[in-house]
Amino acid sequence: MVDFSDTPPLPSTDWDVLISGTGIKQSLLAVALSRAGKSILQLDKNSYYGGSAAAFYSLSEADAWATRVNNGDEVGFTNAVVSNVGERGGSGRGYTLSLAPHLVYWHSGFLGMLREADLTDGFSWLAVGSWWVCLTEEEVAVPATGAGSAGIGLAEAGVKVAKLASAAGKKRAGWNKGRKKEPVAEAAVGGGGESAVEKKVTGEDGETTLRRVDNFREVPCTFEDVAWSKDLTDKDRGQLGEFLRFVMKYSDPTEQKCARIFEENRQTSLQTFLSTTFPIPPFITTSISSLTLFPSPPSAIPLEQALPRLAGHFTSLGKITDVRSSAALTIAYGGSAELCQVLSRAAAVAGGINVLGRGVTLLSSNNKESNGTRKLQAQLASGETIYTDWAIGEATDLAKEVKRASGKTTARGIYIIETDMSWLFERKYKDEGITPATAVAVIPSSQAAGGAPIYIIARSAATGECPRGQCLLHAFTESSYEDMNTAIDKLLRTCSPLSKILYSLQYTVDTLGREGVGEVEDGAVLLEPVTQDITLQDEVLEESLAIYERIMGTREGFMEVSEEIRRMKEEMEE
Amino acid sequence: MASRDEAPKLSSSVKLVLLGEAAVGKSSLVLRFVNDDFQENKEPTIGAAFLTQKCTLPTRTIKFEIWDTAGQERFASLAPMYYRNAQTALVVYDITKPTSLIKAKHWVSELQRQASPGIVIALVGNKLDLAAPVLADDDGGEEGGDAMNGGNRAVLTAEAKAYADEEGLLFYETSAKTGENVQGVFEAIANAIPESTLKPRAGAGGFAGGSGRAGAGSGGGDAGAAGMAVNLEDGVRAKEGCAC
């Protein structure tokens, strides 16, 4: 973002690989290929890093981006609406508004890769706390439909699972173990109103209460929640336990029965599957569905998409040191926006060159032999022409036609809240050493409307993204801006006094077409448009790996640090 | 380095960022400080995210995490993450090149805009070896007769000093080649960092201390503060331990 208003010429016109754009994949490839010894030129037409995963470090920068969106200058984004409720001093510094406040699951391949690449110490990693779902008393009161009523053709599967469960069922008692019938004397808290959060009661037998603030109820995830929480009936507990067992087993080839049930129900919606095969009450289905982070209602998420997400959640849960109730992490100072910057720096450290504010205006094959043997030539906005064997980037960054798909759009919003909403970020268990800096709140659309839920990713000031005493809410939904505002309002009403919104930025993300990606001409590789997932998906890593393999001829050595640098680092460690 | 038997004194990790025009000798200064070494034609990149070096003073031990630009200053591509949580900055110019001082002034104002409010900035005029009148070699040299007898010097000490005083910067002239004043700059910085921004070093990773400073960036919260940051390195080590 430093502009000294001069445009020094590039150190060379001859490169192994040109990478246009500084998004996650581009930056990842810049590091991997630089470390593998290729000469890398990484450009970005913008004067900032990250592209569609950028962060803005003041409200004026966010405003400027919104203006560009509405002028049609930001491919893939439309209809930005800025709303300034509070007063702001000057340019509104002290905020980091990220377009990519991603969650990273502990067990994701991405995190594993960063660790092996010796890159994790470049970040502050923060814990993602609980998921909270907004459910009214009426919604919670609806009982499970039972296998017989709705399960056309699935009842049989349900019976099979039940048999399977009892066959495997020596451990079945596990989900009920430790729970005694007599209820623990319940401290009547919450009546006073000072502390919005009902105090969690942990009896000597380990019995716990799922936390609840008004209608926001914690999603039962941890073993303690499912096994011991007195908010669940024994029957629900049993079914939920069996379902979670199924989630962990469905992809295990030695578990043939689970695999078969999965194969038979790939296209079944999560809602149908849960209401028939593991009959649990609808509100638990809604809660479990929220863990997938798909912006669709549970009736529209096929099992084959839901299960990998749920399995990712549950295999990650309990693995993070000092915060066993957490399954995911997030990067401070902007999530993946920060990731892009750290990766680009790592590329520079490995010998690559990053240049901001200089895009590609024309990419074509290099036909003139006088210009050397490189396959491609690229004209840059600076007027320079460079020659390269490979050019990697999204269509828009390689001056190629962008194809819009007719698919769904996602509405997103970033809200600055004038209070810290501390109840969202409290430690779940007293013995945990780490306080979460992020939490997830989900406002399902009413069953009748059948619409899409609204997800809210709350980020505390501990992310370094807002001043202390405030917090940020990032919302995303397939529904409308109005529904998003209503959902935010519901969440804010849980605070007393009512929290105000100081600033909000809403925008719409288009689904860009995936046709025409890949190697479109010799050496020119068009990246898939970035998905707007709120989690950092391993597909991002996979696509980068595939391109690395295409260029290097092998996946070996991806992101590996050279022996020389490794030794140097070890010496420094003393 | 320091004896374990000494009474505990303040020991802290400090992030130091280097800034300045290309080829003024930023990396050479670091190399002199860290390895007491100098290479005539140093490659512009350094190969590690940052280098570390301890500076032991009577009252405190500072472990510098020294971040080099990795060449990113050349094409306006230094990211906000570079300045983030930097407690001190070394802004370097070349005393034989007046334009490099102009660039240095740009960097100082950039730091004042982007970096933490309490950042300690040192302005360093490098290549002092080129300025000193070298009597044996300098006979008949073109600059030999100039008023200040300053060799190739093109930036007056007084001029840079006046600017530094005005902006409240530490000021030194150094030679990475001979080592003159290099230790002095880092010691002066180690002394100048206010106690309130120092905190005990955390863990073996070293980074947690650097990133965990309160009052991050420009008024934001304190990411990485105790009880917030998840240490992945520990996790990795624990895992490796298990696998063995």
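Residues numbered from 1 in each chain as written. Chains lettered and ligands numbered in written order. Predicted model: local features only at pLDDT ≥ 70, side-chain atom pairs only at ≥ 80, totals over all residues. Heavy atoms only, no water.

A few words on the overall build of chain B. Within chain B, the regular secondary structure consists of seven helices and six strands. Taking contacts inside chain B between residues at least 6 apart in sequence as the whole, the part at least 24 apart equals 71%. Of the roughly 10,500 Å² that chain B leaves accessible, carbon and sulfur atoms contribute 52%. (Helix = DSSP H or I, 4+ residues; strand = E, 2+ residues; numbered from the N terminus. Contact = heavy atoms within 4.5 Å. Areas by Shrake-Rupley, 256 points an atom, 1.4 Å probe, with all protein chains shown as cover.)

Scanning chain A from terminus to terminus reveals 16 helices and 21 strands. Taking all 574 residues of chain A together, the buried fraction comes to 57%. Across chain A, contacts joining residues at least 24 apart in sequence account for 72% of those joining residues at least 6 apart. Carbon together with sulfur atoms contributes 50% to the accessible area of chain A, which is approximately 22,800 Å² in total. (Buried < 20%, exposed > 50% of the residue type's maximum accessible area, 1.4 Å probe, protein only.)

A few words on the sheet that holds strand β5 (residues 120–126) of chain B. All names here are of chain B. Taken in spatial order, the six strands line up as β2-β3-β1-β4-β5-β6 in an open sheet, and their pairing is mixed. Of all the strands in the sheet, the pair left with one neighbour each is β2 (51–56) and β6 (170–173). On average, each strand axis in the sheet is inclined to that of its neighbour by 25°, with strand direction left out of account. Of the strand pairs in this sheet, β2 and strand β3 (residues 60–67) are connected by six bridges, and their pairing is antiparallel. Residue pairing in the sheet places Thr 52 in a bridge with Glu 65 of β3. Sheet contacts for helix α3 (residues 98–114): β1 (10–20), β4 (88–94) and β5; angle to β4, the most-contacted strand, approximately 165°. Helix-sheet contacts for helix α4 (residues 157–167) involve β4, β5 and β6, and the interaxial angle to β6 is about 160°. (Pairing = 2+ DSSP bridges. Axes fitted to C-alpha atoms, helices over the stretch in contact; angles between N-to-C directions.)

Ranked by size, the top nonpolar core spans 110 residues in total, and within it Phe 110, Trp 125, Ile 392 and Met 559 of chain A together with Phe 64, Leu 90 and Leu 123 of chain B carry the most contacts. With seven residues, the single largest contributor to this core is helix α1 (residues 24–35) of chain A. Built from parts of two domains, this core gets at least three residues from each of domain 1 (14–55 + 336–405 + 513–573) and domain 2 (69–131 + 326–333 + 406–510) of chain A. By size, the runner-up hydrophobic cluster in this structure holds 46 residues, among which are Cys 221, Ile 301, Ala 328 and Ile 534 of chain A. (Core = buried A, V, L, I, M, F, W, Y, C linked by side-chain atoms within 4.5 Å. Domains from an automatic or database assignment.)

So, about a negative patch on the surface. Residue and element names in this part refer to chain A. Residues Glu 116, Glu 556, Glu 560, Glu 563, Glu 570 and Glu 571 make up a contiguous surface patch of negative charge. Broken down by element, the negative patch gets its largest block of residues, three residues, from helix α16 (residues 563–573). Note on placement: Glu 571 falls in helix α16. For Glu 571, a relative accessible area of 61% puts it in the exposed group. (Patch = residues over 30% accessible without salt bridge, like charges linked within 9 Å, V, L, I, M, F, W, Y side chains within 5 Å. Salt bridge = Lys/Arg side-chain N within 4 Å of Asp/Glu carboxyl O. Lys, Arg positive; Asp, Glu negative; His and termini not counted. Charge placed at Lys NZ, Arg CZ, Asp CG, Glu CD.)

Attention now moves to the pattern of salt bridges. Residue and element names in this part refer to chain A. Counted according to the given criterion, the structure contains 36 salt bridges over all chains. Glu 224 serves as the salt-bridge partner of Arg 324, at 2.3 Å between the closest nitrogen and oxygen. In this pair, Arg 324 is assigned in the loop between α12 (303–316) and β10 (328–331) and Glu 224 in helix α7 (residues 223–228), connecting sequence segments 100 residues apart. Arg 324 sits in the partly exposed class, given a relative accessible area of 31%.

With that out of the way, let us pick up the state of the cysteines. Under the criterion given, the structure shown has zero disulfides over all chains. Here Cys 221 of chain A is not disulfide-linked; the sulfur of Cys 134 of chain A is the nearest cysteine sulfur, at 17 Å. (Disulfide = S-S within 2.5 Å.)

We now examine the environment of Gly 21 of chain A. Residues and elements named next belong to chain A. On the secondary structure map, Gly 21 appears in the loop between β1 (14–20) and α1. Considered as a pair, Gly 21 and Ser 504 are 483 residues apart in the sequence and their alpha carbons are 27 Å apart. Excluding anything up to four places from it in sequence, Gly 21 contacts Gln 26, Gln 42, Leu 43, Asp 44 and Asp 397.

Let us look at the packing of helix α3 (residues 109–116) of chain A against helix α15 (residues 538–552) of chain A. Residues and elements named next belong to chain A. Across the interface, α3 lies against α15 with an axial gap of 8 Å and an inter-helix angle of 55°. On the basis of their axis angle, the class for α3 and α15 is oblique. Where α3 approaches α15, its residues Gly 109, Phe 110 and Met 113 are matched on the opposing element by Asp 538, Val 540 and Leu 541. Its residues assigned to classes, the contact of α3 with α15 shows four nonpolar, one polar and one charged. (Parallel < 35°, antiparallel > 145°, perpendicular 65-115°, else oblique. Nonpolar A, V, L, I, M, F, W, Y, C, P; charged D, E, K, R; others polar.)

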